[in-house]
Amino acid sequence: MQSLYSKGPTKIPTGFTNPTKSFTKHVWFAIIGLILFIGLYILLTVWFGKLAYNLFTSPEGNFWDILLGIGFAFLSLFMLKSLFFLNKREDNPLHKFLTQKEEPVLFDYLYKLADEAGAPRPHKVFLTDRVNASVSYDISLINLLFPSKKNLEIGLGAINVLSLGELKAVLAHEFGHFAQRSMLLGRYVYVAQQIAARIVGKRDVFDSLLAGLSSFDIRIAWIGWILSILVWAIRSLVETCFSIVMMAERALSREMEFQADLVAVSLTGSDALIHALYKLQIADEAYDNAINITNSELASQKAVADLYVLQSNYIDKMRQILDDSAYGLSPEVPSFNAASHRIFTSRKYNPPKMWATHPADNDRENNAKKKYIKADIDNRSSWDLFSNPTQLREEMTASLIQTAKVDIKSKNTNEESIAS
């Protein structure tokens, strides 16, 4: 097996990818906010439970004590039930699980990139249909105590548009996240978010019970009214407190993205990632157009064979329509003043959908070129990483079409004529 991997730049400034003081500061803000939220939540849950216990076990207890105890027990259970949210992850038909045996060249490339980035190798690798690359991890009760292994998701919509060097920069960014210890906060923030969402937004048997209680005779309904007010107050408090946690987490997330970008720069130079950002915006537009055409064909009970041919054809067609020979192609790196050259000149440029929550593109470009690192970009096709790209594209397209649950009468294989 011939490896396609080539090492990145050799001259990297000392401490280039080290977390900044701002990064460290936001880590502590996020930790403190999360601890306060969890502490408040547990305190309220235990306090309601303790009040109920004291009232139930009081030797001088009377009818009203028992009634109050039931109310406090209800509130404690209301808080407690939102801790049990972790459901089994359902299989997604558009997430194709890959093994090293199936794609040895790809895994050789990923493993060498992870090793060079100083990151753990991905536990699982999934291919998706979209313009995407991301880190994911399974959340279970045991993962709240022990770190969960990280999975890598790669979208064929990105592979289809990016050169191998640009894809390497995108993957290096994700491996930058793999190596970040602050990613451990992610699962706790996720858990807190799920708890808050269930408390604030989910309506279940507890709410039905309150509604039923409130509709009884007024001699009993007042209990339901009071409990409903208390539940509303708890929901408002939880929502307000968690909004503070999210503000701290978003500020940290911004710093994490900048630091992950620097990992990509250290492995691929200052230009490859920025070129990928530029091309991924166009890839999004072309992918959306390909989906629209696919849906239009499905309305006639026809199926396209390869969604990604449509994506490529759209870019070629727009290059002609706009009379822009550089549209959708990798930007040229100037011979002089490459460090000061900017592709994204203002904040009007939006990040690609896969990085929609990331900093603005021009901020990321300024960060990547603050200490400019020159490196050649591998212009080979990203499809070279796969043993049978055509079959892979067609299988993913077929899986996508199956989700529409349309009875297909014929299969249209002439994507070029459709796209034109």
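Rules behind the numbers
- Residues numbered from 1 in each chain as written.
- Predicted model: local features only at pLDDT ≥ 70, side-chain atom pairs only at ≥ 80, totals over all residues.
- Heavy atoms only, no water.
- Core = buried A, V, L, I, M, F, W, Y, C linked by side-chain atoms within 4.5 Å.
- Buried < 20%, exposed > 50% of the residue type's maximum accessible area, 1.4 Å probe, protein only.
- Helix = DSSP H or I, 4+ residues; strand = E, 2+ residues; numbered from the N terminus.
- Contact = heavy atoms within 4.5 Å.
- Pairing = 2+ DSSP bridges.
- Axes fitted to C-alpha atoms, helices over the stretch in contact; angles between N-to-C directions.
- Polar contact = N/O pair within 3.5 Å; in protein donor to acceptor, adjacent residues only side chain to side chain.

**Topic: the nonpolar core**
Grouped together as the largest cluster of nonpolar side chains are 75 residues, with contacts concentrated most on Leu127, Phe175 and Phe386. Of the residues forming this core, the biggest block, 13 residues, is contributed by helix α9 (residues 272-299). With sequence-adjacent residues up to four places away left out, Phe175 is seen in contact with Leu110, Leu113, Ala114, Ala117, Ala119, Pro120, Pro122 and Leu152. Judged by nonpolar contacts, the second largest core, of 20 residues, contains Leu210, Ile223, Val238 and Cys241.

**Side note on the sheet that holds strand β4 (residues 150-155)**
If you walk across this open sheet you meet the four strands as β1-β2-β4-β3, and the pairing is mixed. A strand with exactly one partner marks an edge of an open sheet, and here the two such strands are β1 (96-98) and β3 (133-137). Adjacent strand axes in the sheet meet at a mean angle of 30 degrees, parallel and antiparallel pairs treated alike. As paired strands, β1 and strand β2 (residues 125-128) are joined by three bridges and run antiparallel to one another. For Phe97, the partnering residue across the bridge sits in β2 and is Phe126.

**Observations regarding the side chain of Gln311**
Mapped onto the fold, Gln311 is located in helix α10 (residues 307-321). A residue is classified by how much of its surface remains accessible, and Gln311, at 0% relative accessible area, is buried. Of note is the side chain of Gln311, whose polar atom sits 2.9 Å from the side chain of Asn160. With residues up to four places along the chain from it excluded, the contact list for Gln311 reads Val131, Gly157, Asn160, Val161, Ala283, Ala286, Tyr287 and Ala290.

This is a description of form; function is not addressed.
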